[in-house]
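# Results of the structural survey
The lines below spell out each chain.
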Amino acid sequence: MSASYFAPFDTVRFEGPESTNDFAYRWYDKDRVVFGKRMEDYLRFAVCFWHTFCWPGSDVFGAGSFERPWLAAPQDEAAARAKREAALSFVAKLDLPFYCFHDVDVMAPADRIGGFRDSFARAVDHLEELQGRYGRRLLWGTANLFGHPRYMAGAATSPDPQVYAWAASQVRDALEATLRLGGANYVLWGGREGYDTLLNTNLATEQENFGRFLALVVEHKHKIGFTGTILIEPKPHEPTKHQYDFDTQTVYGFLKRFGLEGEVRVNIEANHATLSGHTFEHEIAMARALGIFGSIDANRGDPQNGWDTDQFPNSVEDLTLAVIEIERAGGFTTGGFNFDAKVRRQSIDAADLFHGHIGGVDVIARALLRAEAITKDGQLDRFRAERYSGWVGEFGQTVRTHDLAAIADLAVAQDLAPRPVSGRQEWLENLLNRF
Ligand code: XUL
Ligand code: CO
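None of the values given here were measured: they were computed from a predicted structure.

## Focus: the overall build of the chain
A tally of helices and strands in the chain yields 16 helices and twelve strands. For 435 residues, the compact-globule formula gives about 22 Å, and the C-alpha radius of gyration of the chain, at 23 Å, lands near that figure. With respect to the three principal axes, the spread of C-alpha positions in the chain is 80 × 60 × 45 Å. Relative to its 435 residues, the chain shows a buried fraction of 51%. Nonlocal contacts in the chain, meaning residues at least 24 apart in sequence, comprise 77% of its contacts between residues at least 6 apart.

## Considering the packing of aromatic side chains
A full pass over the atoms with the stated rule returns 33 aromatic pairs. Here the aromatic rings of Trp 50 and Trp 140 are separated by 5.4 Å at their centres, their planes lie at 35°, and the arrangement is tilted. Taken together, the residues Trp 50 in helix H2 (residues 49–54) and Trp 140 in strand E5 (residues 137–142) connect sequence positions 90 residues apart. Each member of the pair Trp 50 and Trp 140 is classed as buried. Between Phe 210 and Tyr 244, the aromatic rings sit 6.2 Å apart at their centres with planes inclined by 50°, giving tilted as the arrangement. Note that Phe 210 is positioned in helix H7 (residues 203–224) and Tyr 244 in the loop between strand E9 (242–243) and helix H8 (248–257), a separation of 34 residues in sequence. Classification of Phe 210 as buried rests on a relative accessible area of 9%. Ring pairing ties together the aromatic residues Tyr 5, Phe 6, Phe 9, Phe 23, Phe 49, Phe 53, Trp 70, Phe 90, Tyr 99, Phe 101, Phe 120 and Phe 354, which thus form one cluster.

## Some remarks on the pattern of salt bridges
For the structure shown, the criterion picks out 22 salt bridges. With a shortest N-O distance of 2.9 Å, Asp 381 and Arg 328 are connected by a salt bridge. Residue Asp 381 is located in helix H13 (residues 379–387), and its partner Arg 328 is located in helix H11 (residues 316–328); the two are separated by 53 residues in the primary sequence. Each of Arg 13, Lys 30, Asp 95 and Arg 136 takes part in salt bridges that share partners, so that together they form one network.

## Digging into the packing of H7 against H8
Two numbers describe how H7 lies on H8: the axes approach to 10 Å, and their chain directions differ by 75°. The orientation of H7 with respect to H8, classified from their angle, is roughly perpendicular. Contacts from Gln 207, Glu 208, Phe 210, Gly 211 and Leu 214 of H7 reach H8 at Phe 254, Leu 255 and Arg 257. For the contact of H7 with H8, a count of residues per class yields four nonpolar, two polar and two charged.

## Considering the state of the cysteines
Going through the model one piece at a time under the given rule, you end up with zero disulfides. The thiol sulfur of Cys 54 is not disulfide-bonded, and the nearest other cysteine sulfur, from Cys 48, lies at 8.1 Å.

## Some points on the site of ligand 1
All residues adjacent to ligand 1 are Trp 50, His 102, Trp 140, Phe 146, Trp 189, Glu 233, Lys 235, Glu 269, His 272, Asp 297, Asp 308 and Asp 340. Note that an oxygen atom of ligand 1 is positioned 3.0 Å from one of the side-chain N or O atoms of Lys 235. A distance of 2.9 Å is found between an oxygen atom of ligand 1 and a side-chain nitrogen or oxygen belonging to His 272. In isolation ligand 1 offers 290 Å² of accessible surface; the protein chains occlude 93% of this area. Among the residues making up the shell around ligand 1, the classes are represented as four nonpolar, two polar and six charged.

## Considerations on the domain arrangement of the chain
Along its sequence, the chain is organised into domain 1 (3–377) and domain 2 (388–433). Measuring from the centre of the C-alpha atoms in domain 1 to the corresponding centre in domain 2 gives 41 Å.

## Section: the nonpolar core
Phe 6, Phe 49, Ile 296 and Phe 337 are the most contacted members of the largest nonpolar core, which has 120 residues in total. In terms of residues, this core owes the most to one element, helix H12 (residues 350–377), which gives 14 residues. Shared between two domains, this core holds at least three residues of each, these being domain 1 (3–377) and domain 2 (388–433). Residues within four places of Phe 49 in sequence aside, it is in contact with Cys 54, Lys 83, Arg 84, Ala 87, Leu 88, Tyr 99, Cys 100, Phe 101, Asp 105, Val 106 and Leu 127.

## Examining the coordination of the cobalt ion (ligand 2)
Around the cobalt ion (ligand 2), the protein contributes the donor atoms Glu 233 (OE), Glu 269 (OE), Asp 297 (OD) and Asp 340 (OD), which lie 1.9 to 2.1 Å from the metal centre. Relative to the metal, the six donor atoms surrounding the cobalt ion (ligand 2) lie at angles of 80 to 172°, and the coordination shape comes out octahedral. Donor residues for the cobalt ion (ligand 2) sit on one chain with the sequence pattern E-x35-E-x27-D-x42-D. Note that Glu 233 is positioned in the loop between strand E8 (229–232) and E9 and Asp 340 in the loop between strand E12 (337–339) and H12, a separation of 107 residues in sequence. Using a relative accessible area of 4% as the deciding quantity, one classes Glu 233 as buried.

Cut-offs used in this document
Residues numbered from 1 in each chain as written. Chains lettered and ligands numbered in written order. Predicted model: local features only at pLDDT ≥ 70, side-chain atom pairs only at ≥ 80, totals over all residues. Heavy atoms only, no water. Helix = DSSP H or I, 4+ residues; strand = E, 2+ residues; numbered from the N terminus. Rg over C-alpha atoms; globule rule 2.2 N^0.38 Å. Buried < 20%, exposed > 50% of the residue type's maximum accessible area, 1.4 Å probe, protein only. Contact = heavy atoms within 4.5 Å. Phe/Tyr/Trp six-rings, centres within 6.5 Å; stacked < 30°, edge-to-face > 60°. Salt bridge = Lys/Arg side-chain N within 4 Å of Asp/Glu carboxyl O. Axes fitted to C-alpha atoms, helices over the stretch in contact; angles between N-to-C directions. Parallel < 35°, antiparallel > 145°, perpendicular 65-115°, else oblique. Nonpolar A, V, L, I, M, F, W, Y, C, P; charged D, E, K, R; others polar. Disulfide = S-S within 2.5 Å. Near = heavy atom within 4 Å. Polar contact = N/O pair within 3.5 Å; in protein donor to acceptor, adjacent residues only side chain to side chain. Areas by Shrake-Rupley, 256 points an atom, 1.4 Å probe, with all protein chains shown as cover. Domains from an automatic or database assignment. Core = buried A, V, L, I, M, F, W, Y, C linked by side-chain atoms within 4.5 Å. Donors = N, O, S within 2.8 Å, 3.2 Å for Na, K, Ca; no water. Tetrahedral: all angles 85-135°; square planar, octahedral: opposite > 155°, others 65-115°.

The following block contains the structure:
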């Protein structure tokens, strides 16, 4: 009942921009070499469990609209198995290399801690078998520390130490499962790590506990020999009014405070960036500047909506700016592009899952080709280098290495009158539009 859901569809292949086949890639040619790497190895695409196989098409006003066979009641071990089968078969049908999951996405639900661990362990055994059968890999694993009511006041920032301990159990198991499944990264997204009202919140205690939790996760990672990257996924709010991992710069300050800036990187999600008032490319550029760029959750928001719509990316223009920043950061090491995106509630067919992913893959592949052309052309980078060239000259070096009074004296002695220089924004925008 599971793998057969996608049986009517052929494996999606590259057919080029002239193809008339809706189920083909027009730009994603996995073997084509871009920036010195095969596209598949550069982009490292992943399909996520939660939106694509777990979410039933519900919203705050209405019930699930999708008829996925594995979501039909009851949600027992057989249903979880069927979901896992369907998921890995779908990733193979898309011919994408990776997938991502939360513990609760892949297992039959269980409320008591012992049953929860057993159910998750069965899921991991099965996933290991499926990875072999379908030739797919794990980009990252994570624990869901936000869905169950026990986490409504936070997990690592809960006022209740018993909740903290439950979270520790989930993270230990999810981290060890990620290691066993050969996962490249482990993600922490703190959806409930924040507060709804200061009236009931002790910020200082919550921050201390949050920092210590992260330090314990890093310690355990080393203890078990996990060599992948620990990633924090920033988001400013939703579901909590104020989330502590607000954006990349905030996360960096937090990592510095707990001495973890060399241990943890960021997983940047496009629509989390826009919700925090930044652009997607700003967050990538900031992560690069701070040396903590890790991975990407690809999606988009809606300019008229202030919440997380998690739509599939569809702007080559936006993605080009993002890929330019990724390339400037040296490309991915353990990270990749995970589609943290869902089809719309009215997109109820299996075909819609293909259209969503194929579109997202092609938009990013096309952006990659544009970014390469822009980078090869060189004018953009040359302009930027020229703009800062004063800092590599003799005067700039002097300013860099002297104290405030010495720099001030220099300005006075030379009777400085620096001339304003155009930032050429329109010219730069025109330049980009030529590609
Ligand atoms: C929520 C979100 C999560 C994380 C993983 O907005 O993006 O799905 O990616 O917990
Ligand atoms: Co995400």
